[in-house]
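What follows is the residue order along each chain.
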Amino acid sequence: MATELVVAGEFALLFLRACYDGEPGCRSAKETDTDDLVSWVAQVERAVRRTKQRATYGRRRQPNWMHFRSDDGVSVFRSESLAGAFGAIARSREGELFLADASGVFRRTTDGCIRTFVPARTIRAAVRALTALEGKPPVGAAPTLIALENGVAVIGGEHTVFLPAECGRRAYDVALDAIRQRRDAENELLMADRAVRWAPHVPGDVFERLVMALLMREDGVSWVAPVGASSERDGGRDLLVEWTTPILPTERADESHPPTRRRRLIVQIKSDAAPVGVSRVTAIYDTIRHHEMNGYFLVVRSRLTAPLVDRLYKIRADGEYYAGWWDRSDLDARLRRNPDLVEEFGAVVSFAAESDTS
């Protein structure tokens, strides 16, 4: 299956070249009521299931094409030259990655600039329509598709069907998030009893990269970036993150204020094997203000001492800044949901054998 995001200008140019390729001055007048056109329109209405909607349609004989458009945006062209032009474009693209699953077809260019998603229900409707219009199912396992921002062009041998559907970047992100949630739920169930084991020594820079990878998969995180080089010789690291988090006790939630806030947080990372206490985390307010952030987040490989937990709770309760943390148990739970990261960072973290849950 081939898909492509075509900008409006390119789309229009392709259409004009395909439909107006006759001899100059030989274009015929548009027809709207000939018997063969009326018969074709009835066939189209049944194929796209739009028999009870108002529609516009017409035909030209030189070059020869017919067009149907329903009020809700379904369009059908009967033109071999148009279908051929779109088919050539859809099949000629390189540097693309595809993934088809039960929800639909994902596609992205290798540089990530273009990302599309065609829902499975749209593909089923396309196969049904083309089969009815052309008297046979599309060649191959699926029709040739051109994904647009708000629709998809489905290309047969003679017909091109435009079905309205959200197929652009937003649809791609929503569908991808659904896959991630399903994957997380599956991993959480299947990996629930797997113990996570850490190496005796975890270099600070490696731990930083692992935390960044986990943060980038966390719900609500828009971006993550390192502040710079190591802030401490013993492994302290700082990251900046934009994160949609729950509201603070002092923040209100109503119809005009959602129960979450997008915040810019400074993230401090401690790879210590020993518990991390208040002596290792100082000047939190100064750190937040220095980086002009909305809050603070601490990630430790071990655990936090009770006084440090109390201090972070107090920052959150005061309401001026957000505060949160991950400790060993939080990290282990996220690694179970993302076992591929355990494999990627196998030098410092691994799963115990299934028979060994200690």
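Use the structure listed above.
Heads up: these notes are all about the structure in this document.

Concerning the nonpolar core
Thought 1: The biggest cluster of nonpolar side chains holds 32 residues, and the ones touching the most others in it are W198, V299 and L335.
Thought 2: Per element, the largest residue contribution to this core is eight residues, and it comes from helix α6 (residues 204-216).
Thought 3: Of all hydrophobic cores here, the second largest spans 26 residues; its members include L37, V44, V48 and A125.

Some remarks on the sheet that holds strand β8 (residues 151-155)
Thought 1: If you trace the six strands from one edge of the open sheet to the other, you get β1-β2-β3-β9-β8-β7, paired in antiparallel fashion. Unpaired on one side and paired on the other, β1 (55-61) and β7 (144-147) mark the two borders of the sheet. Averaged over all pairs of adjacent strands, the angle between their axes in this sheet comes to 15 degrees, without regard to strand direction.
Thought 2: Here four bridges tie β7 to β8, and the two strands are oriented antiparallel to one another. If you follow T144 over to β8, its bridge partner there is I155.
Thought 3: Running at roughly 45 degrees to strand β2 (residues 64-70), helix α2 (residues 35-47) makes contact with β1, β2, β3 (75-78) and β9 (159-164) of the sheet.

What to know about the side chain of D327
Thought 1: Among the secondary structure elements, D327 is positioned in the loop between β15 (322-326) and α9 (328-337).
Thought 2: Polar side-chain contacts of D327 include one of 2.7 Å to the side chain of S329.
Thought 3: Not counting residues up to four positions away in its chain, the partners in contact with D327 are V300, S302, R303 and L304.

A few points about the sheet that holds strand β4 (residues 96-101)
Thought 1: Strand order in the open sheet formed by three strands is β4-β5-β6, with antiparallel pairing between adjacent strands. Edge strands, defined here as strands with exactly one partner in the open sheet, are β4 and β6 (115-119). Adjacent strand axes in the sheet meet at a mean angle of 10 degrees when their direction is disregarded.
Thought 2: Taken together, the five bridges between strand β5 (residues 104-109) and β6 define a ladder with antiparallel strand orientation. Paired with V105 across the strands is V118, a residue of β6.

Description of helix α3 (residues 80-92)
Thought 1: Given a rise of 1.5 Å per residue, 13 residues ought to cover 18 Å, and the 18 Å separating the end C-alpha atoms of α3 matches this to within 8%.
Thought 2: Considered for burial, the residues of α3 that qualify are L82, A83, F86, G87, I89 and A90. Axial view of α3: buried residues confined to an arc of 165 degrees, hence all on one face. Of the residues in α3, the exposed ones pointing more than 90 degrees away from the buried face are E80 and R91.

Parameters and conventions
Residues numbered from 1 in each chain as written. Predicted model: local features only at pLDDT ≥ 70, side-chain atom pairs only at ≥ 80, totals over all residues. Heavy atoms only, no water. Core = buried A, V, L, I, M, F, W, Y, C linked by side-chain atoms within 4.5 Å. Buried < 20%, exposed > 50% of the residue type's maximum accessible area, 1.4 Å probe, protein only. Helix = DSSP H or I, 4+ residues; strand = E, 2+ residues; numbered from the N terminus. Pairing = 2+ DSSP bridges. Axes fitted to C-alpha atoms, helices over the stretch in contact; angles between N-to-C directions. Contact = heavy atoms within 4.5 Å. Polar contact = N/O pair within 3.5 Å; in protein donor to acceptor, adjacent residues only side chain to side chain. Expected span 1.5 Å × (residues − 1). Arc of directions from axis to C-beta.

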